[in-house]
Amino acid sequence: MNESDGSDGYAHLFADPVRETMEGAAYGTWRAITAPDAVSLAFGFPYPDALPNGAVGDAVDTVLEVDHEDALQYAGGDYADAITETVVERTRARGIDCSAEEVHVANGATHALDTVAQTFLDPGDTIAVEAPTFMGAIRLFRNYDPDIEGYAMDANGLDVDAFADDLAAREEAGDPLPKLLYTIPDFQNPTGVTLSTERRERLLELAETYDFLIVEDDPYGQLRYEGSTPPPLRSLDEDGRVIRVDTFSKTIAPGIRTGWIVADEAIIRELDRINAGGENVLTLGLVARYCEAIDFEANLEELCAGYRERRDRMLETLEERMPSGTNWSEPEGGFFVWIDFPEGIDAEELLPTAADEGVTYLPGSYFYHDGRGDGHARISFSYAAPDEIEEAIAALARATRAELPAAEAADD
Ligand SMILES: Cc1ncc(COP(=O)(O)O)c(C=O)c1O
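What counts, and where the lines are drawn
- Residues numbered from 1 in each chain as written.
- Predicted model: local features only at pLDDT ≥ 70, side-chain atom pairs only at ≥ 80, totals over all residues.
- Heavy atoms only, no water.
- Pairing = 2+ DSSP bridges.
- Helix = DSSP H or I, 4+ residues; strand = E, 2+ residues; numbered from the N terminus.
- Contact = heavy atoms within 4.5 Å.
- Axes fitted to C-alpha atoms, helices over the stretch in contact; angles between N-to-C directions.
- Parallel < 35°, antiparallel > 145°, perpendicular 65-115°, else oblique.
- Left-handed = near helix turned anticlockwise from the far one by under 90°.
- Nonpolar A, V, L, I, M, F, W, Y, C, P; charged D, E, K, R; others polar.
- Phe/Tyr/Trp six-rings, centres within 6.5 Å; stacked < 30°, edge-to-face > 60°.
- Buried < 20%, exposed > 50% of the residue type's maximum accessible area, 1.4 Å probe, protein only.
- Lys NZ or Arg CZ within 6 Å of the ring centre and 35° of its normal.

Draft legend 1. Focus on the sheet that holds strand β14 (residues 376-380). Pairing in this open sheet of four strands is antiparallel, and the strands run β10-β11-β14-β13 from one edge to the other. The outermost strands of the open sheet, each flanked by one partner alone, are β10 (327-328) and β13 (362-363). Bridge count between β13 and β14: two bridges; the pairing is antiparallel. Bridging from a neighbouring strand, L362 pairs with R378 of β14. Lying over the sheet, helix α11 (residues 296-321) contacts β10, β11 (336-340) and β14, oriented at roughly 15 degrees with respect to β11.

Written out as structure tokens, the structure is:
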């Protein structure tokens with residue numbers, strides 16, 4: 001087992017999708033984008049003070065005490081059972097009609113998306129995604145060997161007219177229609193933009209007309225720093241077309257790995273069956289206990305204050321420092337700003353200069369299923385402190401100027 005193709009001789013034993021994606025970087029390789037003296041804007045991590053270590057510790061103590069020996073048993077104790085009610089409550093708080101039978105609990109949104117993909121995608125099926133989109137989703141969809149079709153975004157989210165035109169053209173030509181549309185409607189990762197209400201309604205009509213399901217991935221919807229909240233797709237869904245994925249990663253902590261799916265009962269039954277046996281019952285217990293013990297809405301307000309300050313500092317500094325010809329999104333919530341560099345700048349090539357100047361980010365190409373996006377970068381304001389964000393954007397501006405063709409840099 002030691003051959004020279006990089007597989008150490010195991011390739012013939014790997015499943016087809018594994019063999020076909022072996023060349024690709026492992027998920028998490030982006031974590032290597034750091035530099036000792038640079039501020040990282042690469043991570044979509046919550047800032048350290050956002051993480052409720054104390055309250056989570058108290059919740060664990062309570063679960064162990066109250067559920068006693070059941071807390072660590074296969075099925076868990078009462079608190080583990082209570083997680084479904086907790087999720088129903090959180091979902092109703094978003095204006096979504098939801099019963100316990102419409103909930104599937106998972107180990108985070110990534111795991112939930114994987115279960116959806118496993119349940120619906122056969123090799124060669126078509127899945128529609130936003131272009132750009134969350135790189136973790138692209139990676140896991142690829143494991144199921146589908147045909148991934150990307151659709152353009154603008155300041156109001158997915159360009160639903162262009163999507164509709166393509167669906168009509170596909171039908172006319174007898175080409176395959178998507179089984180699933182994967183969308184991040186609120187403060188999208190990586191662009192930060194939000195899908196307008198009108199487009200949400202139109203998407204639901206399209207799903208009914210062309211018989212596909214909408215996977216609504218909404219980790220950021222409650223982290224809104226200004227403006228009004230459009231209704232979640234699932235709240236507008238009268239025909240059972242929406243599979244909604246949510247997570248506590250951004251509202252409690254990513255390390256608790258707890259997310260969920262809300263969908264029609266017939267779908268939930270299959271998700272439960274496909275994914276039997278994988279629940280982390282101690283964690284589910286502590287999440288239920290944590291939600292019972294804290295004022296969730298007040299906590300959200302505090303989180304929003306912390307993120308709002310960081311977003312504002314990032315947007316102000318971009319305005320002050322970046323050379324003309326640079327554009328960026330202005331998100332009303334979430335974690336991310338999407339940079340559109342001036343003509344001639346390649347974000348991947350710029351990265352070493354940027355790291356030397358004192359900032360790292362993720363190049364835009366990481367977020368396209370087909371490697372486009374050279375002229376873009378995702379910068380995150382979620383993790384660094386406000387002063388660090390200011391330094392980081394000043395560093396990004398210096399790096400961009402240094403790489404600009406000489407004549408343009410002189411104009412600034
Ligand atoms: C759009 C989107 N979906 C899912 C996730 C992952 O969520 P979880 O930590 O619950 O797996 C993220 C986190 O970065 C995300 O941005």
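Here the narrative resumes.
Draft legend 2. Seen up close, the packing of helix α12 (residues 347-357) against helix α13 (residues 386-403). Running from N to C, α12 and α13 point in directions that differ by 135 degrees, and their axes come no closer than 8 Å. Relative to α13, α12 is oriented oblique. Crossing handedness for the pair α12 and α13: right-handed. Residue-level inspection shows L350, T353, A354 and E357 of α12 in contact with α13, the latter providing A395, R398, A399, T400 and E403. Residue composition of the contact of α12 with α13, by class: four nonpolar, two polar and three charged.

Draft legend 3. Examining the packing of aromatic side chains more closely. Under the defined criterion, the tally for this structure stands at 18 aromatic pairs. Arranged with centres 5.3 Å apart and planes meeting at 80 degrees, the rings of F141 and Y182 form a pair that is edge-to-face. Of the two residues, F141 sits in helix α5 (residues 135-142) while Y182 sits in strand β6 (residues 180-183), which places them 41 residues apart along the sequence. With respect to burial, F141 and Y182 carry one shared label: buried. When the ring of W338 is compared with that of F367, the centres are 6.0 Å apart and the planes differ by 85 degrees; the resulting orientation is edge-to-face. Taken as a pair, W338 in strand β11 and F367 in the loop between β13 and β14 lie far apart in primary sequence, 29 residues in all. Each of the two residues, W338 as well as F367, counts as buried. An aromatic cluster of at least three residues, connected via ring pairs, comprises Y47, Y220, Y225, Y307, F335, F336 and F381. Taking NZ or CZ as reference, R310 lies 3.9 Å from the ring centre of Y47, over its face.

So yeah, pure geometry; function would need other evidence.
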